[in-house]
Amino acid sequence: MSWPADQPIEVLVVDDEERFRRVLTAILAVEADIAVVGEAADGAEAVAKATSLMPDVVLLDVRMPGTGGIEAAQAIKAWSPTTKVVMLTASDEDEDLYKALRAGASGYLLKEKALVDVCLCVRAAASGQAVLSPSMAARLVADFVGPTRDTTSQLSSRELDILRLVADGQSNRQIADDLALSPHTVKRHIANILARLHQHSRVEAVLAAQRSGLLG
């Protein structure tokens, strides 16, 4: 889908750092096909302005005081499914990326690249394309393909023990009792396993480990 040439792309810029927000706005403002219709300094203000202004694209920081970007993205998409949300963030953590995409974001752009790429990203998002920083796109591809032996070999012996018990259908409490650990420790180990295998749930982690031959 291409954007109509005679219709500027209306953008809402959201970031709690005023200086960064102003610079971003100034970069966008010189583009003839882009119109900045508003700014916001936090998630709650972003939702309020998005619902009143109905912008085509929202550039939204992930981590802000009060209502964060992920919550704001969910609320904006619920109100206006056609509005494209592109997360702008300094965070390159997998968890933030996955949460943003599950919240309905069309893109995830690291701030270190934002000032160079933001205009292209706004146009791409408005036209229905996915927008991802190259490093984050590579992680998604790795997640789709699944873990390799190199990835699974990073699991500790304790994590392997826990993963085998998860595969047996045991709960955190049962695993804790079996291995003489606290449920909190088991929960932390499982979180580490999911992060290392690039999976979102216990079932996905077990399936990924089985595909790699880790569990036999």
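Before any of the text, the structure's been laid out above.
Residues numbered from 1 in each chain as written. Predicted model: local features only at pLDDT ≥ 70, side-chain atom pairs only at ≥ 80, totals over all residues. Heavy atoms only, no water.

K.L.:
Explanation requested: the overall build of the protein in the structure shown.
P.N.:
Helix and strand counts for the protein come out as eleven helices and six strands. Counting over 216 residues, the protein shows a buried share of 45%. The long-range share in the protein, meaning contacts at least 24 apart out of those at least 6 apart in sequence, stands at 66%. (Helix = DSSP H or I, 4+ residues; strand = E, 2+ residues; numbered from the N terminus. Buried < 20%, exposed > 50% of the residue type's maximum accessible area, 1.4 Å probe, protein only. Contact = heavy atoms within 4.5 Å.)

K.L.:
How should I be thinking about the pairing of strand β5 (residues 107-110) in this particular structure?
P.N.:
Neither face of β5 is open: one carries G107 and L109, the other Y108 and L110, and all of them are buried. Across four bridges, the pairing between strand β4 (residues 84-89) and β5 is parallel. Looking at β5, one finds that M87 is bridged to Y108. Where β5 and strand β6 (residues 131-132) come together, two bridges link them in parallel fashion. Each residue of the ladder has a partner; that of G107, found in β6, is V131. Once the chain exits β5 it traverses helix α5 (residues 111-126) before rejoining the sheet at β6, and the crossover so formed is left-handed. (Pairing = 2+ DSSP bridges. Right-handed = clockwise from strand over helix to strand, strands pointing away.)

K.L.:
What's the story with the state of the cysteines in this structure? I'm lost.
P.N.:
Note: disulfide means a covalent bond formed between the sulfur atoms of two cysteine side chains. Applying the stated rule across the entire model yields zero disulfides. The closest cysteine sulfur to the non-disulfide-bonded C119 is located on C121, 9.1 Å from its own sulfur. Judged by relative accessible area, C119 falls into the buried class, the value being 11%. According to the relative accessible area criterion, C121 is buried, its value standing at 10%. (Disulfide = S-S within 2.5 Å.)

K.L.:
I'm lost on the nonpolar core in this one. Help?
P.N.:
Soluble globular proteins tend to pack their nonpolar side chains together in the buried interior. Residues V14, V58, L60, V85, M87 and Y108 are the most contacted members of the largest nonpolar core, which totals 22 residues. Per-element accounting of this core gives the leading share, four residues, to helix α3 (residues 69-79). Dropping the residues within four chain positions of it, V85 is found in contact with V58, L60, A73, I76, K77, A105, S106 and G107. Counting 21 residues, the second-largest nonpolar core is a separate cluster that includes F20, V57, L88 and C121. (Core = buried A, V, L, I, M, F, W, Y, C linked by side-chain atoms within 4.5 Å.)

K.L.:
It is not clear to me how α3 should be interpreted in this structure. Could you clarify?
P.N.:
Side chains of residues three or four places apart in an α-helix project in the same direction, reflecting 3.6 residues per turn. Residues G69, I70, A72, A73, I76 and K77 constitute the buried set of α3. On an axial view of α3, the arc spanned by its buried residues comes to 160°, and they lie on one face. α3 presents A78 and W79 as exposed residues on the side facing more than 90 degrees away from its buried surface. Of the surrounding secondary structure, the elements contacted by the buried residues of α3 are α2 (43-53), β3 (57-61), β4 and α4 (94-102). (Arc of directions from axis to C-beta.)

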